[in-house]
Amino acid sequence: ARLKHVIDKLDRGWLLLRKWGYQKLYPCSDARRCRVFVAGMQRSGTNMLMDVLEKSLDTDVYHERDPRAFDNYRMRDAGQIQHLVDHSAASSFVIKALCELQDLTWLMEKFEPAKTVWIVRDYNDVVNSMLRSFGNMAKQVHRIVRDPASSGWLGLGMSAETLVVLRGLVSESLDDRTASALQWYFRNILYFEQGFDQDRRVLPVRYEKLVTNPAGEFDRIFGFIGIDFSPRVAAKVSPRSIGKNPPPDIAPPVRDLCDGLLARFHSLTVSAD
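Since we're looking at a predicted model, the values are computed, not measured.

**Q** I'd like a rundown of the pattern of salt bridges, residues and numbers included.
**A** A complete count under the given rule lists 6 salt bridges for this structure. Of the charged contacts, one joins Arg68 and Asp66 as a salt bridge, the two residues approaching to 2.6 Å between their closest N and O atoms. Since its relative accessible area comes to 44%, Arg68 is described here as partly exposed. Where Asp175 meets Arg177, a salt bridge forms, and the shortest distance between an N and an O atom there is 3.0 Å. For Asp175, a relative accessible area of 25% puts it in the partly exposed group. Residue Arg177 is classed as partly exposed on the basis of its relative accessible area, which comes to 32%.

This is how it looks when you write it as structure tokens:
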């Protein structure tokens, strides 16, 4: 595992060096540049999507671990991001926007021309991944129900309607499994509450379709962004994470809520086929 980490790090370093040289030789004119926000709920495949986009010579990619663009996983102020945009020679400036889902309308207007790729993953797999990676989800949701601004970025942008829904579902018996599903819901519902289902600047992507048909789906994503696609950049994408563990035990009313939202996303991606 350590050797693989070293090899991956060297490969990425070589890739970034090639990209730097290519973009110095063939800088993109400002009129052709596009800013791209990669959005979605945590544990939904945004890292994989960013890694594939980074393999294109036409992109300048900023992961949430990049201190130039992020501080503790939150995007730095608009002035700092503008500085990075102004000094980028790539045709597509790509930056992750997970903690900033509620700000995407403003961000796309601020950095126009801009687009957003919003990836959504089945909430069962997201919850299982969250349970392995995070903690205190029930405590976070209890705080948010009392005050949406009380738990950092997590409850920001929540509508009054969504808050009413949460208050009707949250009780003292709330556990981390059901709380994680609620977080999946109230972060992803921001897609529809901001009218992105009617916004041509925003592309919905289903994680399951992306990993089972990477050539076709990434070709669609790259085309949406406006850059050329080669199947080799997605060669390592695998579907083995789908349904890897049994569905978690989620309270039935919350499962119904999440099923309804997932169906809304599925209808969007089916109509786009």
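The discussion continues.
**Q** Mind laying out the environment of Gly260, listing which residues take part and the relevant values?
**A** Structurally, the position occupied by Gly260 is in helix α12 (residues 252-271). The sequence separation of Gly260 and Tyr185 amounts to 75 residues, and the corresponding C-alpha distance is 9.8 Å.

**Q** Lay out helix α5 (residues 123-133) in plain terms, naming residues and giving numbers.
**A** Taken across its 11 residues, α5 has 8 buried, putting it largely inside the fold. Sitting at the amino-terminal end of α5 is Asp122, which places a side-chain oxygen 2.8 Å from the backbone nitrogen of Asn124.

About the thresholds
Residues numbered from 1 in each chain as written. Predicted model: local features only at pLDDT ≥ 70, side-chain atom pairs only at ≥ 80, totals over all residues. Heavy atoms only, no water. Salt bridge = Lys/Arg side-chain N within 4 Å of Asp/Glu carboxyl O. Buried < 20%, exposed > 50% of the residue type's maximum accessible area, 1.4 Å probe, protein only. Helix = DSSP H or I, 4+ residues; strand = E, 2+ residues; numbered from the N terminus. Polar contact = N/O pair within 3.5 Å; in protein donor to acceptor, adjacent residues only side chain to side chain.

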